[in-house]
Amino acid sequence: MTDRTLYVTDLDGTLLDPSSRVPDESREILNSLIDRGAMITVATARTPATVELLLDGLHAATTPEGRDIPAIVMTGAAYWNRRLRRYDYITLMSERDSRIIRDAFRAAGINPFNYTLGANEVLEVFHAAPLSDREDAFYRERRNLPLKRFHIGQEAGEDAATVLYFAIGTPEKADILCRMVNDRTLCSAAWYRDIFNPEVAFMDIYAGSCSKANAVKDVARELGCGRIVVFGDNLNDLPMMRVADVAVAVENALPEVRDMASTVIGSNASDSVARFILDDFNARNR
C-alpha cells in the first residue's frame, strides 16, 4: 500500500478562491477524482463548523477499503469525520496550561476566543470582553453556523475542555506571546500575518504538539500512504510542506512558501490545486 498518495490541501488562499469558496470546476474535478479512488483531504486552521460550510457538495473521500479519510482541522488538534459528522480524534488543553495562557493574554492586553468542546460535537466559544471591530467581523461571519456557539462577554469555566485559543493582535505582541507560551507550557503557539493587512497578526494556540505536519504524517501512516502531496500558501503551511514528498505552492503564496515548494502552480483563482491533482493522479494510474 506504500504507493498510495495522500493529497492534502490548505483551504484559504489555496483551494478556496479569492471569494473564499470552492469553485464549481474544482468541486467537479475533485468529486470525479474521489469517486475514482483519489485520497484527498484538507488541513486547515478552521473548525468543522466552517469546513462543513465551505466543503458543501464536495464528496468525503475514503480509502479503497472504505475507511473514512478525516479532514485535519484546527491545525491538527482534531480530525473531523465528514461522513459521520463527528470527531475521530481531538486534543484538549490541560487546566494548568489554559490558565497560564489566559494570564499571558491578559498581561498583553489581548482578549482571545476560547474554543471549548461541548455536547453533541458543538464548540462552545467564549470571549470575555467587548469585541473590537476586527473581532466582531470574525464573529459575525461564524455566529450562525451549526457545530459552533458563541458566548460573547462570558468567560469559560476553569474546568472547561479547551481545544484552542484564537486571538487577533499586532505582530509584535503575537511574537512575544507565542514565544512565552511555547516556553512555559506544553502547548503549540503560532502566529501569522493577515494576508490582507500585514500589520495584523492571528494567533493560534493548541494543546501538545499539534501541527498540520504531525497530523498529515499521522493520517498518511494510518491509511497506509507512502507518498504525501500537500498544497499551501501561508507560513502556517510550511511545517506540512517540509514533511511532504511533493510540496506545492500556489502562485499567490507568500515568497517563503514558494521558496520551500517543490513546484509552484497557478493561483487559487484558477482551479490550480484540482488540476494538479488530476494530472498527478492520472499520471500515476495509467
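Quick notes on the rules
Residues numbered from 1 in each chain as written. Predicted model: local features only at pLDDT ≥ 70, side-chain atom pairs only at ≥ 80, totals over all residues. Heavy atoms only, no water. 1 Å grid on protein atoms, 1.4 Å probe; cavity = no way out; pocket = protein on both sides within 12 Å on 5 of 7 lines; lining within 4 Å. Points joined across faces, edges and corners; volume = space filled by probe spheres on them. Helix = DSSP H or I, 4+ residues; strand = E, 2+ residues; numbered from the N terminus. Nonpolar A, V, L, I, M, F, W, Y, C, P; charged D, E, K, R; others polar. Pairing = 2+ DSSP bridges. Axes fitted to C-alpha atoms, helices over the stretch in contact; angles between N-to-C directions. Contact = heavy atoms within 4.5 Å. Buried < 20%, exposed > 50% of the residue type's maximum accessible area, 1.4 Å probe, protein only. Polar contact = N/O pair within 3.5 Å; in protein donor to acceptor, adjacent residues only side chain to side chain.

Participant: Help me get a handle on the layout of surface pockets, residues and values and all.
Facilitator: By volume, the largest pocket amounts to about 940 Å³. Lining the largest pocket are 36 residues, with Asp12, Arg46, Arg142, Tyr192 and Phe202 sitting closest to its centre. With five residues, the single largest contributor to the lining of the largest pocket is helix H5 (residues 133-142). Considering only residue class, the lining of the largest pocket consists of 14 nonpolar, nine polar and 13 charged. Roughly 320 Å³ of internal volume is contained in the second largest pocket. Forming the walls of the second largest pocket are 17 residues, and the residues nearest its centre are Ala190, Trp191, Leu235, Asn236 and Pro239.

Participant: Please set out the sheet that holds strand S11 (residues 201-206) residue by residue, giving values where relevant.
Facilitator: Reading across the sheet, the six strands line up as S8-S7-S6-S9-S11-S10 and stay open at both edges, with mixed pairing between neighbours. On the outer flanks of this sheet lie strand S8 (148-152) and strand S10 (188-193), each paired with one strand and no other. The average undirected angle you get between the axes of adjacent strands in this sheet is 20°. Lying over the sheet, helix H4 (residues 95-108) contacts strand S9 (162-169) and S11, oriented at roughly 10° with respect to S9. Those strands touched by helix H6 (residues 171-184) are S9, S10 and S11, and its axis lies near 165° from that of S10.

Participant: A description of unusual backbone geometry should follow, citing residues and the corresponding values.
Facilitator: Positive phi, normally seen in glycine, also occurs at Met74, with a value near 50°. Counting through the fold element by element, Met74 comes out in the loop between strand S3 (71-73) and strand S4 (78-81).

Participant: Tell me about the side chain of Thr5, and name the residues and values.
Facilitator: Checked against the element boundaries, Thr5 lands in strand S1 (residues 5-9). According to the relative accessible area criterion, Thr5 is buried, its value standing at 9%. Of note is the side chain of Thr5, whose polar atom sits 2.9 Å from the side chain of Arg227. Ignoring any residue separated from it by four or fewer positions in sequence, one finds Thr5 in contact with Met39, Cys225, Arg227, Val229 and Arg284.

None of the figures reported here should be taken as evidence of function without further support.
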